[in-house]
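Understanding the architecture of this molecule
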Amino acid sequence: MSSTHKHSVSDEPVTSALPGGDVPYDHTHEFDPDEEVLAALGYKSEFKREFSLFTTFCVSFAVLGLLPSFASTLYYGMGYAGTAGMVWGWMIAMIGIQCVACSMAELCSSMPTSGGLYYASAVLAPQGWGPFAAWLTGWSNWLSQVTAAPSVNYGIAAMILAAASIRDPTYVPTNYQTFLLTVFIMILHAIMSSLPTRWLAQINSGGSTFNFIALIVVIILIPAGTDREERGLPKFTPSSEVWGTIYEGTSFPAGISVLMSFIGVIWTMSGYDSAFHLAEECSNANLAAPRAIVLTSATGGVFGWFLQLVVAYTVVDIDQVLNSDLGQPFAAYLMQCMTEKMTLAILGLTIIAGFSMGQGCMIAASRVTFAYARDDCFPLSNVWKKVNPHTLTPVNAVWLNCAVGILCLLLIFGGELAIGALFSIGAIAAFVAFTIPIFIRVFFVGQRFRPGPWNLGRYSIPTGAVASAFVALMVPILCFPSVTGADLSIDVMNWTCVVYGGPMILVCIWWFVSAHKWFKGPKVNVAHMMLGDREQMIEGLNVERTMSRGSGQGAPEKLQKTASLVA
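Read on for an overview of the structure. (Residues numbered from 1 in each chain as written. Predicted model: local features only at pLDDT ≥ 70, side-chain atom pairs only at ≥ 80, totals over all residues. Heavy atoms only, no water.)

**What about the packing of helix H5 (residues 130–167) against helix H15 (residues 340–374)?**
In plain terms, the rule: Angular values range over 0 to 180 degrees, each being the angle between N-to-C directions of two axes fitted as lines to C-alpha atoms, with helices fitted over their stretch in contact. Strands here are runs of E lasting at least two residues and helices are runs of H or I lasting at least four, both read from the DSSP assignment and numbered beginning at the N terminus. Angle categories are assigned with fixed cut-offs, so that under 35 degrees is roughly parallel, over 145 is roughly antiparallel, 65 to 115 is roughly perpendicular, and the rest are oblique. Crossings are sorted by hand: turned counterclockwise from the far helix by less than a right angle, the near helix makes the crossing left-handed, and turned clockwise it makes it right-handed. Three classes are used: nonpolar for Ala, Val, Leu, Ile, Met, Phe, Trp, Tyr, Cys and Pro, charged for Asp, Glu, Lys and Arg, and polar for all others, with Gly counted as polar.
At their nearest, the axes of H5 and H15 sit 9 Å apart, and the two run at 160° to each other. When the axes of H5 and H15 are compared, the pair comes out roughly antiparallel. In this structure, H5 meets H15 at a crossing whose hand is left-handed. In the contact of H5 with H15, the residues fall into 20 nonpolar, 10 polar and two charged.

Right, dumping it as structure tokens:
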């Protein structure tokens, strides 16, 4: 959208909050293609676009963190349905997850903003419902983002302390020590996430590369280095047991247990939206960002399943894995089938990969907080939406998320089930936020949606329908407790419905009591550049004419074209 070519919003491949006839315009600045697309969505560029397709994928894959994610959620994937649930469950769940990812990528191509899903919900919702749809999507997405880093870092802290227990069997980690170590990691990540964008891109490229290499090494190392035969066992568990025996980890029928085990898959695969939130820092965003989303989901799905297979074929005793004194199921599993040195080596790789993952989570969460604060969603939004003038990153948003995450970590003192709610929240809150705009797109939009350059074509509606059905099925399933009837007590309750449902109920009450009066959805910040205001445009023409005279360059053709746009 240069000073000589001023396109209206309807000329851009975007679905915008702005009226189709509006023409974003700034006589002092010549827009590049990315700025042009963003201006058509209603926003001016505030970040440097120093992320490429590869570096955007790197952040997204780092947030996905297959190896540390799997290690942190092994308790659920293996504990609910055993090895059969792991190998079958991952494949089945990935069908729904990949549909969600592809539908999200299509939205990202059409609306490449940091607000992402929140912006899409506001624009696509039926008339009058946009603000409420954006409100629900935004808060659900923020809950998933703000709990991501603390849950990841809790898992990493638990693995570090488990490694210490392996080296010194007399050492038993306490909740207090786990809390302090996790807080320390959170603060380190907040400091790192406050760095300039260029440094963040480089750090995450290195971290994601290590993450991927560590994943490959572990997938090879476990079957190659297992010492099961030295313990009088076959090198691998027979396939009939791996694929055909469902561990009775819940009081529900086998099919429901397998569905409940999806929490590990869903939580692990909930990070691919990071590319959406980095769209305003990505060059060629309406192609690179959606490609990064799909690439992250597909790569994660394939390699995640391989990791499930090697663990399923080498685990010795599921009960001992779940109930080990180490307090970390992945470490307990490794001790069953590996030497101590090999166990510590794999744990070391997982811990480093997890540190990179937590860093990526912190970056993505800060961009979400910034985008929502830009639209005054939060109390004190004026503080959280500030971009640091030195780093050109939302430093205030980073430290807000760090503080909220540390408060969430107090759940550690409530026991394993209480802190486990952080993982359930991440799974449900993320996929609810992912699916609200997809559901609206499928069932309410019709021809109002303008596909971006990356789109699903005729498969858009069927893919979105499968994605919506998958999430609608999984939300209640992930709230089920593992036991029922007389065995169900407050100690074994699934707290997800409380920890996620409670804040969302409060958010809804806030909407009906107050927020509906002042929250109107995305607040565009290019209104001052619109050609729709004739007086402002005439003033801009006068400035432009003066500048042209001052430079000795006539611009009659340019002014004539601009005047015709005003008319």
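Now, onward.
**Section: the nonpolar core**
Under the convention used in this document: Here the nonpolar core consists of buried residues drawn from Ala, Val, Leu, Ile, Met, Phe, Trp, Tyr and Cys, with membership extended through side-chain atoms lying within 4.5 Å. Relative accessibility under 20% of the residue-type maximum defines a buried residue, over 50% an exposed one, and the middle range a partly exposed one, all with a 1.4 Å probe and only protein chains included. Residue contacts are counted whenever heavy atoms from the two residues lie within 4.5 Å of one another.
Ranked by internal contacts, the top residues of the largest apolar core, which has 156 residues, are Ile 97, Tyr 272, Phe 330 and Tyr 333. Not counting the four nearest positions on each side in its chain, Tyr 333 is found in contact with Leu 74, Ile 222, Val 310, Val 311, Thr 314, Val 315 and Val 321. Counting residues in hydrophobic clusters, the runner-up holds five residues, among them Val 242, Leu 309, Ala 312 and Tyr 313.

**Section: unusual backbone geometry**
Its identity as a non-glycine residue notwithstanding, Asn 284 has a phi of 55°, on the positive side. Of note, the phi angle at Leu 380 is positive, near 60°, even though the residue is not glycine. Locating Leu 380 in the fold gives a position in the loop between H15 and helix H16 (381–384). Residue Leu 380 is classed as exposed on the basis of its relative accessible area of 60%.

**Side note on helix H2 (residues 53–64)**
The criterion, for reference: Expected helix span is given by 1.5 Å per residue-to-residue step, counting one fewer step than there are residues.
The end-to-end C-alpha distance of H2 is 16 Å, a good match for the 16 Å that 12 residues give at a rise of 1.5 Å each. Within H2, 10 of the 12 residues are buried, which leaves the element mostly enclosed by the surrounding structure. Listed as buried for H2 are Thr 55, Thr 56, Phe 57, Cys 58, Val 59, Ser 60, Phe 61, Ala 62, Val 63 and Leu 64. Downstream of H2 by a residue or two, Gly 65 has a phi angle that is positive, lying close to 45°.

**Topic: the packing of H2 against helix H12 (residues 285–314)**
The contact between H2 and H12 brings their axes to 9 Å, and the two run at 40°. Classed by the angle they form, the pair H2 and H12 counts as oblique. Pair H2 / H12 crosses with right-handed handedness. Facing Leu 53, Thr 56, Phe 57, Ser 60, Phe 61 and Leu 64 of H2, the residues of H12 in contact are Ala 288, Arg 291, Ala 292, Leu 295, Thr 296, Thr 299 and Gly 300.

**Brief notes about the pattern of salt bridges**
Our working rule: For salt bridges, the criterion is a side-chain nitrogen of Lys or Arg within 4 Å of an Asp or Glu carboxyl oxygen.
Scanning the model with the defined rule gives three salt bridges in all. One salt bridge in this structure joins Arg 231 and Asp 227, with 3.1 Å as the shortest N-O distance. Note on Arg 231: relative accessible area 39%, which makes it partly exposed. Across the salt bridge formed by Lys 385 and Asp 376, the nearest N and O atoms sit 3.5 Å from each other.

**Things to note about the side chain of Asn 401**
Just so we agree on the cut-off: Whenever two N or O atoms come within 3.5 Å, that pair is a polar contact, provided that in protein one can donate a hydrogen and the other can accept it, and provided that, for residues adjacent in sequence, both atoms are side-chain atoms.
As for its placement among the helices and strands, Asn 401 is situated in helix H17 (residues 395–408). There is a polar contact of 3.1 Å between the side chain of Asn 401 and the backbone oxygen of Ala 365. Once residues lying within four places of it in the same chain are set aside, the contact partners of Asn 401 are Trp 142, Val 146, Ala 365, Ser 366 and Thr 369.

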